[in-house]
Amino acid sequence: MATPLQLINATTNDIPIIRNIAMVTWPAAYGAILTSGQIEFMLNMMYSEATLLHQMVSGEQQFILAWQAGKPIAFTGFGEVKKEPVVYKLHKLYVLPTVQKSGAGKTLLAAVKSISQAAGAEQLVLNVNRANNAKAFYLHQGFTVLEDMEVDIGQDFFMVDHVMGLAL
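The rules behind the values
- Residues numbered from 1 in each chain as written.
- Predicted model: local features only at pLDDT ≥ 70, side-chain atom pairs only at ≥ 80, totals over all residues.
- Heavy atoms only, no water.
- Helix = DSSP H or I, 4+ residues; strand = E, 2+ residues; numbered from the N terminus.
- Expected span 1.5 Å × (residues − 1).
- Bend = angle between axes of the 7 residues up to and from the residue.
- Buried < 20%, exposed > 50% of the residue type's maximum accessible area, 1.4 Å probe, protein only.
- Contact = heavy atoms within 4.5 Å.
- Salt bridge = Lys/Arg side-chain N within 4 Å of Asp/Glu carboxyl O.

1. Looking at helix α1 (residues 15-30)
Phase 1 of the analysis: In this model α1 runs 22 Å from its N-terminal to its C-terminal C-alpha over 16 residues, within 8% of the 22 Å that 1.5 Å per residue would give.
Phase 2 of the analysis: The largest bend in α1 comes to about 25°, at valine 24, with the proline proline 27 one to four residues further on.
Phase 3 of the analysis: Of the positions making up α1, those classed as buried are Ile15, Ile18, Ile21, Ala22, Thr25, Trp26 and Tyr30.
Phase 4 of the analysis: Along its buried surface, α1 packs onto α2 (36-46), α3 (49-58), β2 (62-68), β3 (71-82), β4 (87-95) and β5 (123-129).

Pasting the structure below:
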């Protein structure tokens with residue numbers, strides 16, 4: 001029997017843990033989809049200590065860490081993006097490659113859905129790279145593709161994503 005997950009609300013003291021999980025997870029998640037240069041650029045942009053600190057302190061994103069057997073194995077970042085009607089966005093959900101398919105992602109997503117619903121959200125949205133295997137996970141969890149988008153993030157790099165949504 002697997003050791004149960006413990007979910008904790010992350011604080012600014014947990015930024016190094018979040019960064020470490022991202023640094024380990026991203027090459028596995030995106031190595032076959034993006035160039036190493038784009039992965040490095042996006043990690044530096046999205047997971048710098050300053051960026052994560054701003055997201056936490058401003059309330060832009062709330063982070064939850066999943067721990068198992070005394071070790072951090074996954075995290076999520078989410079927050080409100082629209083007031084009328086209330087829409088929350090799942091900005092980040094990453095599980096260490098060694099424990100993927102263990103239920104950690106599903107457990108974190110359930111927590112995000114619950115918190116979003118309690119805050120009055122009518123919809124949960126997310127962006128996922130069109131070639132990312134995680135798309136199948138989100139479809140299985142009831143999300144649908146709402147639209148496709150391409151975002152120029154600088155240095156000739158683009159995010160080529162599906163925007164997916166789930167009614168709450």
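2. Considerations on the pattern of salt bridges
Phase 1 of the analysis: This structure, assessed with the given rule, holds 3 salt bridges.
Phase 2 of the analysis: Where arginine 130 meets aspartate 148, a salt bridge forms, and the shortest distance between an N and an O atom there is 3.9 Å. In this pair, arginine 130 sits in the loop between β5 and α5 (134-140) while aspartate 148 sits in strand β6 (residues 144-154), placing the two residues 18 residues apart along the sequence.
Phase 3 of the analysis: Taking relative accessible area as the criterion, arginine 130 reaches 29% and is therefore assigned partly exposed.
Phase 4 of the analysis: A salt bridge links arginine 130 to glutamate 150, with the nearest nitrogen and oxygen atoms 3.8 Å apart. With arginine 130 in the loop between β5 and α5 and glutamate 150 in strand β6, this residue pair connects regions lying 20 residues apart in the sequence.

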